[in-house]
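Fold and contact review
Each chain, written out:
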Amino acid sequence: IPAAVDGITRKAYVDHQFVLGFPQPAGLHTYWKSEFLPRLSDGFFGAFKVAAAAPTSPLSQVVLVQLGGAIADRPAQATAMGNRDAEYVLLVNPDISVRPDGPAV
């Protein structure tokens, strides 16, 4: 599967802080969740497609990051980094300030 965006390049840390878009504005209510995934199944892609078609807000974010490489080359107990067998990490950040029954209080 080709990448939708290739953002791998040398950059200053302050530039990297903008990798997911403009920093979150004051008052935005979000709740980050993440999950390490050993592989991407057809079931995952089906659920991902359904969820992506119904975002809670234009400010919601879903990011899929490919792992592996040097992270997976070290033994499980070599460092504090866990989940070395994961091939991906899924990050979900919904904007919960907008709800179906009206704005959050």
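Residues numbered from 1 in each chain as written. Predicted model: local features only at pLDDT ≥ 70, side-chain atom pairs only at ≥ 80, totals over all residues. Heavy atoms only, no water.

Overview of the overall build of the protein
Along the backbone of the protein there are 3 helices and 5 strands. Going from the N terminus to the C terminus, the protein shows its helices and strands as α-β-α-β-α-β-β-β. In the protein, buried positions account for 14% of the 105 residues. For the protein, the share of sequence-separated contacts (at least 6 apart) that also reach a separation of at least 24 residues comes to 74%. (Helix = DSSP H or I, 4+ residues; strand = E, 2+ residues; numbered from the N terminus. Buried < 20%, exposed > 50% of the residue type's maximum accessible area, 1.4 Å probe, protein only. Contact = heavy atoms within 4.5 Å.)

Here's the deal with the layout of surface pockets
When its volume is computed, the second largest pocket comes out at roughly 240 Å³. Lining of the second largest pocket is provided by 13 residues; of these, A51, A52, P55, V62 and V92 occupy positions nearest its centre. Where the lining of the second largest pocket is concerned, the elements lending two or more residues are α2 (42–52), β2 (61–66) and β3 (88–93). (1 Å grid on protein atoms, 1.4 Å probe; cavity = no way out; pocket = protein on both sides within 12 Å on 5 of 7 lines; lining within 4 Å. Points joined across faces, edges and corners; volume = space filled by probe spheres on them.)

Section: the confidence of the model for the protein
Predicted confidence across the protein gives a mean pLDDT of 77, with 71% of residues reaching 70 or more. Within the protein, the element-level pLDDT minimum falls on strand β5 (residues 102–103), averaging 55, and the maximum on strand β1 (residues 33–37), averaging 91. (pLDDT = per-residue confidence, 0-100.)

Concerning the packing of aromatic side chains
Taken as a whole, this structure holds 2 aromatic pairs when the rule is applied. On the numbers, 5.4 Å between centres and 75° between planes, the contact of F44 with F45 is edge-to-face. Classification of F44 by relative accessible area gives buried; the value is 15%. Judged by relative accessible area, F45 falls into the partly exposed class, the value being 32%. The structure contains a cluster of three or more aromatic residues connected by ring pairs, namely F44, F45 and F48. (Phe/Tyr/Trp six-rings, centres within 6.5 Å; stacked < 30°, edge-to-face > 60°.)

Thoughts on the pairing of β3
The sheet contact formed by β1 and β3 spans 5 bridges and is antiparallel. Paired with F36 across the strands is V89, a residue of β3. Pairing geometry for β2 and β3, over 6 bridges, is antiparallel. Bridge pairing links L64 to L90 in β3. (Pairing = 2+ DSSP bridges.)

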